[in-house]
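Summary of the model geometry
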Amino acid sequence: MLRVPSVQLSLSARCNSSESLYWRILPGRTDQPWIHKNIPYKVCHTFVRNPKVTNSEECCCGGQESDHVPGFTRDPSTTNWVQSQHTRKHKGWCFGKIRFVEEDGTHQPDFVRISDDMMERHASTTRVLDLLEQKWRLPRPNLLISVTGGAADFACPTELEKRFKRGLAKAAKSTSAWIFTGGTNTGVMKLVGEAV
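Residues numbered from 1 in each chain as written. Predicted model: local features only at pLDDT ≥ 70, side-chain atom pairs only at ≥ 80, totals over all residues. Heavy atoms only, no water.

Concerning the overall build of the chain
When helices and strands are tallied, the chain shows five helices and ten strands. Put simply, the chain has 196 residues, and 34% of those count as buried. Restricting the contact set of the chain to residue pairs at least 6 apart, pairs at least 24 apart contribute 66%. (Helix = DSSP H or I, 4+ residues; strand = E, 2+ residues; numbered from the N terminus. Buried < 20%, exposed > 50% of the residue type's maximum accessible area, 1.4 Å probe, protein only. Contact = heavy atoms within 4.5 Å.)

What follows is the structure, encoded as structure tokens:
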């Protein structure tokens, strides 16, 4: 169980880089082999020490040394980490259920980690849509709401924050919308999470 502020992730597979732990069948879950085959994501395979963090085993990718794939390489000659050179796609094995700590646990939505370039190709987009509609049986939305903005925390006037949250929640509920964000618990994306 991973703990994130106000959320617990119940994992069907460990979200680290151990290829041998890629997935395991859980009772009632039929989507796991399908996710493993169809939804890839990227992992860092070259550890480049982050020069901005002293006395640390943090890579420029943001992960710790232990987060890297077995057999990863170290590149002490550079501090220039480049995603296209230092990551590889792996089969999807980081997925599970989200349990909101404040709730009783009866509603546990699914999550999956996907490659950031997966939405650039039509076939990949279709696979994500198949996951949401076919495997997870989510009804097709009448509206997609994409909320983007800075990931840095910011001061928002209280009344404006209340109106934003109330308006977003009302718009999403009244239109049966899906809301997409960057998924972090900071900045404008945090406001979206608090609204819904």
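A few points about helix α4 (residues 158-175)
Across its 18 residues, α4 extends 26 Å between first and last C-alpha, which sits within 8% of the 26 Å expected from 1.5 Å per residue. Looking at the buried residues of α4, the elements they touch are β9 (144-146), β10 (178-180) and α5 (187-195). Looking at the residues trailing α4, positive phi occurs at S176, about 55°. (Expected span 1.5 Å × (residues − 1).)

Observations regarding α5
Buried within α5 we find G187, V188, M189, L191, V192 and A195. Looking at the buried side of α5, the elements it contacts are α4 and β10.

Quick look at the confidence of the model for the chain
Interpretation of the predicted coordinates at a detailed level should be avoided for regions scoring low in pLDDT. Here the chain shows a mean pLDDT of 75. Residues at 70 or above account for 78%. Across the chain, α4 holds the top mean pLDDT of 92, while strand β1 (residues 2-4) sits lowest at 35. Across residues 1-27, confidence stays below pLDDT 50; counting only partners more than four residues off in sequence or on other chains, it has 69 contacts. (pLDDT = per-residue confidence, 0-100.)

A closer look at the pairing of strand β3 (residues 41-44)
Of the two faces of β3, both are covered, the one formed by Y41 and V43 as well as the one formed by K42 and C44. By the bridge criterion, four bridges tie β3 to strand β6 (residues 87-90) in an arrangement that is antiparallel. Bridged to C44 within β6 is T87. (Pairing = 2+ DSSP bridges.)

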